[in-house]
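# Fold and contact review
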Amino acid sequence: MFENLNWWEIGALLMLALLIFGERLPKVIGDGLRMLRGLRAMAQNATTDLSRELGTDIQLEDLHPKAFIRKHLLSEDDEAAIRKPLQNLFDDVKQDLNGVKSELSDVAAAADIKKKAEPVESPRPAQRFDLDAT
């Protein structure tokens, strides 16, 4: 949770919390932890009740709709049948993009070869003709 914060930022947050809550900070932390434990217990009870009602073992991760359908409603053959048209479409698009990438690489390489093969002449300064000298 705090992996992107360094120690100075965590210390500043603690000082800010101490300034806001003052002497009540330990009570606020305790209330927050108690609420977190209550939420975890409710989630565990909900998964237990759902497992009992459905007659299958359900984990908390299985409550995501995609994971639930994949695990409990579709067989492996059904899932493969659903994925096959999409996988073919994905493979076709990937093959087309790889072809475009290789063509662009060829064009870029050809442009670099032309640039290296034909040196660009620097512009010459304009010559002045003295019309009075003739």
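Residues numbered from 1 in each chain as written. Predicted model: local features only at pLDDT ≥ 70, side-chain atom pairs only at ≥ 80, totals over all residues. Heavy atoms only, no water.

Okay, the overall build of the protein chain next. Scanning the protein chain from N- to C-terminus turns up four helices and zero strands. Across the protein chain, helices and strands are ordered from the amino to the carboxyl terminus as α-α-α-α. In the protein chain, buried positions account for 5% of the 134 residues. When the accessible area of the protein chain is evaluated, it comes to approximately 12,900 Å², of which 62% is carbon and sulfur surface. (Helix = DSSP H or I, 4+ residues; strand = E, 2+ residues; numbered from the N terminus. Buried < 20%, exposed > 50% of the residue type's maximum accessible area, 1.4 Å probe, protein only. Areas by Shrake-Rupley, 256 points an atom, 1.4 Å probe, with all protein chains shown as cover.)

Turning next to helix H2 (residues 25–54). Helix length check: H2 (30 residues) gives 43 Å between terminal C-alpha atoms against 44 Å at 1.5 Å per residue, within 8%. Taken residue by residue, H2 has Leu-25, Thr-47 and Ser-51 as its buried positions. Those residues of H2 that are buried are in contact with helix H1 (7–21). Positive backbone phi, approximately 75°, marks Gly-55, located one or two places after H2. (Expected span 1.5 Å × (residues − 1). Contact = heavy atoms within 4.5 Å.)

What follows covers H1. For the α-helix, the turn length of 3.6 residues means that residues three or four positions removed from each other point alike. Here H1 spans 21 Å end to end across 15 residues, near enough to the 21 Å set by a 1.5 Å rise per residue. Note on H1: the residue one or two positions beyond its end, Gly-22, has a positive phi of about 60°.

A few words now on a nonpolar patch on the surface. Judged by side-chain polarity, Leu-13, Leu-16, Ile-20, Phe-21 and Val-28 come together as a nonpolar surface patch covering roughly 420 Å² of accessible area. At four residues, H1 tops the list of elements feeding residues into the nonpolar patch. Relative to the helices and strands, Leu-16 resides in helix H1. With relative accessibility at 46%, the residue Leu-16 sits in the partly exposed group. (Patch = residues over 30% accessible without salt bridge, like charges linked within 9 Å, V, L, I, M, F, W, Y side chains within 5 Å. Salt bridge = Lys/Arg side-chain N within 4 Å of Asp/Glu carboxyl O.)

On to the pattern of salt bridges. Using the criterion set out here, one finds three salt bridges in the structure. Its salt-bridge partner being Arg-34, residue Asp-31 comes within 2.7 Å of it at the nearest N-O pair. Residue Asp-31 and its partner Arg-34 are both found in helix H2; the two are separated by three residues, about one turn of the helix. Between Arg-52 and Asp-49 there is a salt bridge; the shortest N-O distance is 3.0 Å. Of the two residues, Arg-52 and Asp-49 are both situated in helix H2; the distance of three residues between them amounts to about one turn of the helix. Linked by salt bridges that have partners in common, Lys-27, Asp-31 and Arg-34 make up one network.

Here we come to the confidence of the model for the protein chain. If pLDDT is low for a region, its predicted coordinates should not be looked at in detail. For the protein chain, per-residue confidence averages 79 on the pLDDT scale, and 78% of positions sit at 70 or higher. At the level of individual helices and strands, the protein chain shows its lowest average pLDDT in helix H3 (residues 65–73), which scores 72, and its highest in H2, which scores 89. (pLDDT = per-residue confidence, 0-100.)

The next subject is the side chain of Ser-51. Secondary-structure assignment places Ser-51 in helix H2. Taking the relative accessible area as the measure of exposure, Ser-51 reaches 14% and is therefore buried.

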